[in-house]
Amino acid sequence: MLIAGIAARTERIRVGSGGVMLPNHAPLVVAEQFGTLRALSGDRIDLGVGRAPGTDGATALALRRSIEGLGVDDFPQQLVDLIGFFHGGLAEDNPLRGITAYPGLGDAPELWLLGSSGFSAQLAGVLGLPFTFAHHFAGDGTEAALALYRDRFEPSSFLAEPHAMIAVGVISDDDAEVVRRESLPGLITFIRMRQGKKPAPVSMEEALAYRFSPYEQELVQARNRRQAVGTPDQVDAALTRLLGSTGADELMVSAQSSSLAGRIRSLEIVAGLRASSPAAAVPAA
């Protein structure tokens, strides 16, 4: 619904998902929804799909009315079915072969495979799809996953050569103290998730009163080193460093400030860096 609303109010920018967790949604439904968006808005709709359910069994049941097909082994077939609904060519023994997605067939958006592991990286390579790595929450495995993607890549009707994107967490402001404050709620949520706790919203008052243990401070420092957190110069250096180590073709900016004003300011800073940096240093997002 948000994609449709944004696309209806814009003319040039690409609009899409980052992303649809395919185990939660029937491939036919996804094909018809995004086929409709593509038919309405032309060739500027992106469909990013991932394999993680991203939820618990009860919520998965509420979404799909069944928890079948949620395993890792089921995802490649779901992805192949989705591609088939868009482009045709489902195998003769596929029970879905006689079904036509309408809109969908012939109205394919640009399809990206999202991932945070080597599994999705290899699958994207084998299918010849663009690949986006979730560096913003799985930063330690980025270079290795992209190397797997490029090693397993096979040219396809989608791509002649590998094309990779990384999603990077960004928090920036001209004032380093503002950066620190804007970072705190998200860092506490990150720590609680690492502890296996279900995260709840963290207020700024709670965040300012929180005292990080030495171990938690190490976690925070390690996380921030792999993201783009800091003043504009620090963010510029971090993005350039990441592009150099990963060889990514595109950046997806995940604005992670705790406030709306902070997220907008972070995006303004990145846009300014892009406008003033050499093209090779920070490619267009």
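Residues numbered from 1 in each chain as written. Predicted model: local features only at pLDDT ≥ 70, side-chain atom pairs only at ≥ 80, totals over all residues. Heavy atoms only, no water.

Hey, could you go over the overall build of the protein for me, with residue numbers and the actual values?
Summing up its helical and strand segments, the protein has eleven helices and eight strands in all. Counting only C-alpha atoms and orienting by the principal axes, one finds that the protein spans roughly 60 × 45 × 40 Å. The proportion of buried residues among the 285 residues of the protein is 40%. For the protein, the proportion of contacts with a sequence separation of at least 24, taken over those separated by at least 6, is 68%. For the protein, the accessible area works out to roughly 14900 Å², and carbon and sulfur atoms hold 55% of it. (Helix = DSSP H or I, 4+ residues; strand = E, 2+ residues; numbered from the N terminus. Buried < 20%, exposed > 50% of the residue type's maximum accessible area, 1.4 Å probe, protein only. Contact = heavy atoms within 4.5 Å. Areas by Shrake-Rupley, 256 points an atom, 1.4 Å probe, with all protein chains shown as cover.)

Report on helix H2 (residues 27-41), specifying residues and quantitative values.
Spacing of three or four residues puts side chains on the same side of an α-helix, whose turn is 3.6 residues. Compared with the 21 Å implied by 1.5 Å per residue over 15 residues, the 21 Å span of H2 between its first and last C-alpha is a close match. Buried positions along H2 lie against helix H1 (2-8), strand S2 (20-21), strand S3 (45-50) and helix H4 (75-87). Remark: glycine 42 follows H2 within two positions and exhibits a positive phi of approximately 75°. (Expected span 1.5 Å × (residues − 1).)

If you had to explain the nonpolar core to someone new, which residues and values would you point to?
Phe34, Leu47, Leu79 and Leu82 are the most contacted members of the largest nonpolar core, which totals 50 residues. Residue contacts for leucine 82: discarding those within four places in its chain leaves Leu22, Pro27, Val30, Ala31, Leu47, Val49 and Leu111. Among the nonpolar cores identified, the runner-up in size contains five residues, and Leu187, Phe190, Ile191 and Leu219 belong to it. (Core = buried A, V, L, I, M, F, W, Y, C linked by side-chain atoms within 4.5 Å.)

Kindly report on the confidence of the model for the protein, identifying the contributing residues and their values.
Per-chain confidence: the protein averages 89 in pLDDT, with 93% of residues scoring 70 or above. For the stretch residues 278-285, pLDDT sits under 50, and the model shows 18 contacts to residues farther than four places along the chain or on other chains. (pLDDT = per-residue confidence, 0-100.)

Can you lay out the pattern of salt bridges for me, pointing to particular residues and giving the numbers?
Scanning all chains against the criterion turns up seven salt bridges. Between arginine 14 and aspartate 46 there is a salt bridge; the shortest N-O distance is 2.8 Å. Here the residue arginine 14 occupies a position in the loop between H1 and strand S1 (15-16), and aspartate 46 occupies one in strand S3, the gap between them amounting to 32 residues. Residue classification places arginine 14 among the partly exposed positions, given a relative accessible area of 38%. Residue glutamate 177 is joined to arginine 180 by a salt bridge in which the shortest nitrogen-to-oxygen separation is 2.9 Å. Highlighted residues: glutamate 177 and arginine 180, both in helix H7 (residues 176-194), separated by three residues, approximately one helical turn. Ionic contacts of the salt-bridge type, sharing partners, join the residues Arg14, Asp46 and Glu110 into one network. (Salt bridge = Lys/Arg side-chain N within 4 Å of Asp/Glu carboxyl O.)

Could you give me a rundown of a nonpolar patch on the surface, with the residues and numbers involved?
Taken together, Leu2, Ile6 and Ile13 make up a surface patch of nonpolar side chains, about 320 Å² in accessible area. Judged by its relative accessible area of 41%, isoleucine 6 is partly exposed. (Patch = residues over 30% accessible without salt bridge, like charges linked within 9 Å, V, L, I, M, F, W, Y side chains within 5 Å.)

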